[in-house]
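Single-letter residue listing:
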Amino acid sequence: MKAKAVRIHGANDLRLDEFELPEITDDEILVKVVSDSICMSTYKCATLGEAHKRVHDDVAGHPAIAGHEFAGDIVKVGKNHQDRFKPGMKFTIQPALNYKGTMWSPGYSYEFCGGDATYCIIPSEVMECGCMLEYTGRAYYEASLAEPMSCSIGAFNAAYHTQMGVYTHQMGIKEGGKLAIMAGAGPMGLGALTYALHRDVRPSMVVVTDLNQERLDRAAHLFPPAEYAEQGIELHFVNTGNFEDPVAELRRISGGTGYDDVLCYAPVAAVVKQSSEILGRDGCLNFFAGPTDNKFSAEMNFYDVHYNSTHVMGTTGGNTADMIESLELTAAKRINPAVMVTHVGGLDAAADTTLNLPKIPGGKKLIYTHLSMPLTALTDFRARGEAENDPRLIALADIIDANKGLWSPEAEEYLLANFVTE
């Protein structure tokens, strides 16, 4: 069957191709992709091409479909998987397969499997690893965002603390502790925030820092501190650019003791140094943001490592259990991954969006693969509708405005009902 997909042909060479998908084998599943959210990891992959560890050497001859945060509908199931999966089921996948020691992953490595596609083929190893997940929720984008949400969930679960003289790690962030999310008003930071505020084990204080006041104001609008104070969580949004000594201000907010858990969401040496300096005793620093520079380094206070038991770690991605937790919390309406989304577009916008991702302000860019639509900020739909005399765009803007400026299941359903071209 014919499919369209954005494919990696080499470094900085993404193309929207139309091609023939082969017939599936007994070990494969044919799916219709509906939504894919674009990840900074895909930008890194697209700009590096075959120099990326997950991209195969012959990508010029066998281009790989880009995108790994996707969801859609199962179309056809090979006979070896018909006991678990049926045509018509909604699905999402955990792309971090870790299959037999390889780094191959959907969205990086496969000629016929990735999220920026109308249709693709799920290879046998995805099912073998338990990474093909049925999705029973309402909105496809929520399943797409389960993957980036799982990355933050994994960071929380991988944090650890200790007791003096005891050589056993207590896993997870400290219950009732103080948490700082550094450079945290971007999409992944807001995903971490919605999780921190609504998970079972919660901190008593959360401080979100950033240098962009507009992003901090949006975060405070979405997560009103007064509302969470009623739930026993002290919530602060801090523009560290407003202080001559941001470390002193952050420690003052903590009551002088520092923070039990710090998540660093920017690969910037100054932010890493600040993160180190605000740790309290037995504080755990998770360096979450993956740098592109393989020589990246930053200062850390090793006096505190020795005498105050501070420690640093890093996580990249989540596991399948983290992704299932994200799907369950979303279905229960305990977390809202839509806080990450600021732009929506069609498949024809995916290549340029990916290659220019660092230059496009805002949060997550959500692609609907059966649409032809320029990448559009949620705040721009009304102006676009008026300029183009398109009542559909204005109606979509009304839905967005009624939902605190966020994407929503209602917005997705309206989009799919009124804009799908194939």
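Refer to the structure presented above.
Structure report, in brief. Quick caveat: nothing in here was measured; it's all calculated off a predicted structure. The residue numbering used here restarts from 1 in each chain and proceeds along that chain's sequence as written. For this predicted model, a pLDDT threshold of at least 70 governs which residues receive local features, and a threshold of 80 or more governs which side-chain atom pairs are given and counted, while totals over whole chains, interfaces and linings are taken from all residues. As a convention, hydrogens and water are excluded, and side-chain values are obtained from all of the structure's heavy atoms.

1. A few points about the layout of surface pockets
Only protein atoms enter the 1 Å grid, on which a cavity is a set of points fitting a 1.4 Å probe that cannot get out and a pocket is an open set with protein on both sides within 12 Å along at least 5 of 7 lines, lining residues being those with an atom within 4 Å of a point. Grid points are joined across faces, edges and corners, and a volume is the space filled by probe spheres set on the points. Of the volumes computed, that of the second largest pocket is approximately 440 Å³. If you trace the second largest pocket, you find 23 residues lining it, with Lys333, Ile335, Asn336, Asn403 and Leu406 closest to the centre. Contributing elements (two or more residues each) for the lining of the second largest pocket: helix 3 (140–144), helix 5 (187–198), helix 7 (225–229) and helix 15 (409–419). Classifying every residue of the lining of the second largest pocket gives 10 nonpolar, six polar and seven charged. Only DSSP runs of H or I with at least four residues qualify as helices, and only runs of E with at least two residues qualify as strands; both kinds are numbered from the N terminus onward. Following the grouping adopted for this structure description, the nonpolar residues are Ala, Val, Leu, Ile, Met, Phe, Trp, Tyr, Cys and Pro, the charged ones are Asp, Glu, Lys and Arg, and the polar ones are all others, Gly among them.

2. Comments concerning the packing of helix 4 (residues 146–158) against helix 11 (residues 320–331)
To characterise two packed helices, one gives the angle between the axes of the helices and the distance between these axes. Running from N to C, helix 4 and helix 11 point in directions that differ by 115 degrees, and their axes come no closer than 8 Å. Judged by the inter-axis angle, helix 4 sits roughly perpendicular to helix 11. Between helix 4 and helix 11 lies a crossing whose hand is right-handed. Of helix 11, the residues touching helix 4 (which contributes Ala146, Glu147, Met149, Ser150, Ile153, Gly154 and Asn157) are Asp322, Met323, Glu325, Ser326 and Leu327. Residues belonging to the contact of helix 4 with helix 11 are distributed by class as follows: five nonpolar, four polar and three charged. Axis definition: a line fitted to C-alpha atoms, over the contacting stretch in the case of helices. Angles run 0 to 180 degrees between N-to-C directions. Orientation labels follow simple angle bins: below 35 degrees gives roughly parallel, above 145 gives roughly antiparallel, 65 to 115 gives roughly perpendicular, and whatever is left gives oblique. Each crossing is labelled by how the near helix is turned from the far one, with a counterclockwise turn of less than a right angle marking it left-handed and a clockwise turn marking it right-handed. By the convention used here, residues are in contact when the closest approach between their heavy atoms is within 4.5 Å.

3. Quick word on the side chain of glutamate 28
Here glutamate 28 is to be found in the loop between strand 2 (13–20) and strand 3 (29–38). Buried charge without a partner: glutamate 28 forms no salt bridge, and the closest opposite charge is lysine 76, 9.8 Å away. A distance of 3.0 Å separates the side chain of glutamate 28 from the backbone nitrogen of threonine 25, its partner in a polar contact. In this structure, glutamate 28 is in contact with Glu23, Val77, Gly78, His81, Ile121, Ile122, Pro123, Ser124 and Met127, ignoring residues within four places of it in sequence. Accessible area is worked out with a 1.4 Å probe on protein chains only. A residue is then buried under 20% of its type maximum, exposed over 50%, and partly exposed in between. When charges are counted, Lys and Arg are positive and Asp and Glu negative, with His and the chain ends excluded. Salt bridges are defined by distance alone: a side-chain nitrogen of Lys or Arg within 4 Å of a carboxyl oxygen of Asp or Glu. Each polar contact in these results corresponds to two N or O atoms within 3.5 Å; when the atoms are within protein, one needs to be able to donate a hydrogen and the other to accept it, and residues that are neighboring in sequence are counted only if both atoms are side-chain atoms.

4. A closer look at the sheet that holds strand 2
Ordered in space as 2-1-4, the three strands form an open sheet in which the pairing is antiparallel. Among the strands making up the open sheet, the edge pair consists of strand 2 and strand 4 (64–65). With eight bridges connecting them, strand 1 (residues 2–10) and strand 2 associate as antiparallel partners. Bridge assignment links glycine 10 to a residue of strand 2, and that residue is aspartate 13. Here, a strand pair is defined by DSSP locating no fewer than two bridges between the strands.

5. Concerning helix 11
Taking 1.5 Å of rise per residue, the 12 residues of helix 11 would be expected to cover 16 Å, and the 16 Å separating its terminal C-alpha atoms lies within 8% of that figure. For helix 11, the complete set of buried residues consists of Thr320, Asp322, Met323, Ser326, Leu327, Leu329 and Thr330. Against the buried residues of helix 11 lie strand 6 (90–93), strand 8 (132–135), helix 3, helix 4 and helix 5. Given a helix with a known number of residues, its expected span is that number minus one, times 1.5 Å.

6. So, the sheet that holds strand 13 (residues 234–239)
Taking strand neighbours across the sheet as the criterion, the six strands line up as 13-12-11-14-15-16 in an open arrangement whose pairing is parallel. Two strands bound the open sheet, and with one partner strand each, they are strand 13 and strand 16 (311–313). The sheet shows a mean angle of 15 degrees between the axes of neighbouring strands, direction not considered. Summarising the sheet, strand 14 (residues 259–264) and strand 15 (residues 279–287) pair through five bridges and their orientation is parallel. Note on strand 15: the bridge partner recorded for cysteine 264 is phenylalanine 287. Packed onto the sheet, helix 5 meets strand 11 (178–182), strand 12 (205–210), strand 13 and strand 14 and runs at close to 165 degrees relative to strand 11. Along the sheet, helix 6 (residues 213–222) contacts strand 12 and strand 13; its crossing angle with strand 13, the most-contacted strand, is approximately 165 degrees.

Limitation: the analysis is restricted to geometry and does not speak to function.
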